[in-house]
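Spelled out from the first residue to the last, the chains are:
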Amino acid sequence: MRKYLVIGNPIEHSLSPLIHNHWIKKYNLVDSVYEKRKVEEKNLKNLIKEIKGDEIVGVNVTVPYKKLIIPFLDELDFSAKETQSVNTLFKTNNKIIGYNTDRAGFGDTIREAYPLSNVSMEPQPLKGKCIFILGAGGVTSSIISALKGEGADNIILSNRTKEKANELRKLFPELEVLDWGKRPTICNIVINTTSVGLTKDEEVKIDFSDYDKSFHKNLLFYDLIYNPKETVFLKKARLRGNKTMNGKMMFLNQAKYAFNIWTNIMPEIDDDVIKLLD
Ligand code: ATR
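Rules behind the numbers
- Numbers given to residues run from 1 along each chain, matching the order in which its sequence is written.
- Side-chain atom pairs in this predicted model are given and counted only at pLDDT of 80 or more, local residue features only at pLDDT of at least 70, and totals for whole chains, interfaces and linings cover all residues.
- Based on all heavy atoms of the structure, the side-chain values leave hydrogens and waters out of the count.
- In this description a helix means any DSSP run of H or I spanning at least four residues, a strand means any run of E spanning at least two, and both kinds are numbered starting from the N terminus.
- Taken over C-alpha atoms, the radius of gyration is set against a globule rule of 2.2 Å times the number of residues to the power 0.38.
- Only protein chains enter the accessibility calculation, which uses a 1.4 Å probe; a residue whose area is less than 20% of its type maximum is buried, one above 50% is exposed, and one in between is partly exposed.
- In this analysis, two residues are considered to be in contact whenever any of their non-hydrogen atoms come within 4.5 Å of each other.
- The accessible surface values rely on the Shrake-Rupley method and a 1.4 Å probe; as for residues, cover is taken only from the protein chains in view.
- His is not counted, nor are the chain ends; Lys and Arg add positive charge and Asp and Glu add negative charge.
- Here the site of a charge means NZ on Lys, CZ on Arg, CG on Asp, or CD on Glu.
- Paired rings are identified among Phe, Tyr and Trp, the last through its six-membered ring, by centres lying within 6.5 Å, and are further divided according to the angle between planes into stacked (under 30 degrees), edge-to-face (over 60) and tilted (the rest).
- Whether a charge lies above a ring is judged from NZ of Lys or CZ of Arg, which has to be within 6 Å of the ring centre and within 35 degrees of the ring normal.
- Pairs of cysteine sulfur atoms within 2.5 Å are what we label disulfides.
- Only strands joined by at least two bridges in the DSSP assignment are considered to pair.
- Call a crossover right-handed when, viewed with both strands pointing away from you, the route from the first strand across the helix to the second goes clockwise.
- Each domain's limits were defined by an automated method or a database of domain assignments.
- Summed over both partners, the accessible area lost on bringing two parts together, with a 1.4 Å probe, is the buried area.
- We define a salt bridge as a contact between a side-chain nitrogen of Lys or Arg and a carboxyl oxygen of Asp or Glu at a distance within 4 Å.
- Identification of polar contacts relies on pairs of N or O atoms within 3.5 Å, with a donor-acceptor requirement for protein atoms, meaning one able to donate a hydrogen and the other able to accept it, and with residues adjacent in sequence counted only if both atoms are side-chain atoms.

Draft legend 1. Seen up close, the overall build of the chain. Broken down by element type, the chain carries 9 helices and 12 strands. Computed over C-alpha atoms, the radius of gyration of the chain comes to 19 Å, within 12% of the 19 Å expected from 2.2 N^0.38 for 278 residues, which places it in the range of a compact globule. Principal-axis analysis of the C-alpha atoms gives the chain an extent of 60 × 40 × 40 Å. In the chain, which comprises 278 residues, the proportion classed as buried is 51%. For the chain, contacts bridging at least 24 residues in sequence account for 66% of all contacts bridging at least 6. Approximately 13500 Å² of the chain is accessible, and the part contributed by carbon and sulfur atoms is 50%. In the chain, which carries 41 positive and 36 negative side-chain charges, the distance between the mean positions of the two groups comes to 1 Å.

Structure, rendered in structure tokens:
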């Protein structure tokens, strides 16, 4: 049996098994299974042993271990190094490599969503665009790294706990940090990476009412949260006439790249798999 895992704490709500087992079936990997496992920090070492001993083939890592797992690994790929965040493990030549597929997953999504016009073939679509990021949690470094990869050179970050935003500046010195509650006059893209909105009716208390489409063309509001499908942050943006997008495609894209690392198959993100998350 080829066993795959997603590890985290808590882990009950992870939808990764649903997606990966769908692909395992679709691509006929008959002897494979993907499970979730709640892991305590003190047991990370044992997990590594299980991978070394081929008891586990591949692992997805989620909150709160994306950074904590790093000291246990033999190598990091470029994205994991740049973001100091690992969400996928795989053994090659007896070395356990840490990958970050969140970065590429978000990169795909933002390329699709922006620019909003017909110049999407541009190599650096985000050059010169103002991007405002809310939050400085575990996934935010992947978002920043992906944006940079698309040419972004004007990223403003705001987090309730300012020290955490300043910590991210150690990885990305070019970031501008703004006090929580403040906002830039106008930006082209606003991204919520906080957990505010996971509970229905919970709202980021920043007023974007003048980010009105009739005044400012091509504004995108992006929320990493996909359950609920439309947070208050996105709903207000939609009602203002801004373009909106939730984190569903990013979640599927990061899963796609992890599956590819483990199996060499690039799974298709079709309606069937998209519907699994509805
Ligand atoms: P992760 O485990 O993904 O790293 P986290 O560190 O808890 O998650 O990050 C969640 C993000 O949501 C953080 O940016 C957090 O802000 P703080 O660093 O100040 O904690 C943000 N967040 C959570 N609840 C919030 C709230 N009520 N208002 C503003 N930001 C909030």
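Draft legend 2. Spatial organisation of the packing of aromatic side chains. In total, this model carries 12 aromatic pairs according to the counting rule given. With a centroid separation of 5.1 Å and 35° between ring planes, the pair formed by Tyr4 and Trp262 is classed as tilted. Separated by 258 residues along the polypeptide, Tyr4 in strand S1 (residues 2-8) and Trp262 in helix H8 (residues 248-263) bring together distant segments of the chain. Classification of Trp262 by relative accessible area gives buried; the value is 5%. A ring pair is formed by Phe106 and Tyr222, whose centres lie 5.1 Å apart and whose planes are at 90°; its orientation type is edge-to-face. Taken as a pair, Phe106 in helix H4 (residues 101-113) and Tyr222 in strand S11 (residues 220-223) lie far apart in primary sequence, 116 residues in all. Of the two residues, Phe106 and Tyr222, both sit in the buried class. Through successive ring pairs, a cluster of aromatic residues spans Phe132, Phe208, Tyr211, Phe221 and Phe233. The ring of Phe221 is capped by Arg240, whose NZ or CZ atom sits 4.7 Å from the centre of that ring.

Draft legend 3. View of the state of the cysteines. Taken as a whole and judged by the stated rule, the model has 1 disulfide. Residue Cys130 pairs covalently with Cys187 via a disulfide, S to S 1.8 Å. Note that Cys130 is positioned in the loop between H4 and strand S7 (131-134) and Cys187 in the loop between strand S9 (176-178) and strand S10 (189-192), a separation of 57 residues in sequence. Pair check on accessibility: Cys130 and Cys187 agree, each one buried.

Draft legend 4. Geometry of the pairing of S11. The side-chain alternation of S11 yields two buried faces, one formed by Leu220 and Tyr222 and the other by Phe221 and Asp223. Alignment of S10 against S11, held across 4 bridges, turns out to be parallel. By the bridge assignment, Val190 is partnered in S11 with Phe221. Judged from the 3 bridges that link them, S11 and strand S12 (residues 243-245) form a sheet pairing that is parallel. Within the sheet, the bridge partner assigned to Tyr222 lies in S12 and is Met245. Tracing the backbone out of S11, into helix H7 (residues 232-240) and back to the parallel element S12 gives a crossover that is right-handed.

Draft legend 5. Fine view of the domain arrangement of the chain. We note that the domain assignment places domain 1 (2-100 + 250-271) and domain 2 (104-245) within the chain. Counting residues at the interface gives 13 residues for domain 1 and 17 residues for domain 2. A combined buried area of about 1200 Å² lies between domain 1 and domain 2, and 54% of that area is made up of carbon and sulfur atoms. At the boundary of domain 1 and domain 2, one finds 1 salt bridge. Two residues, Asp108 and Lys256, come together in a salt bridge whose shortest N-O distance is 3.0 Å. Between domain 1 and domain 2 we count 7 residue pairs in polar contact (both at pLDDT 80 or more) in total.

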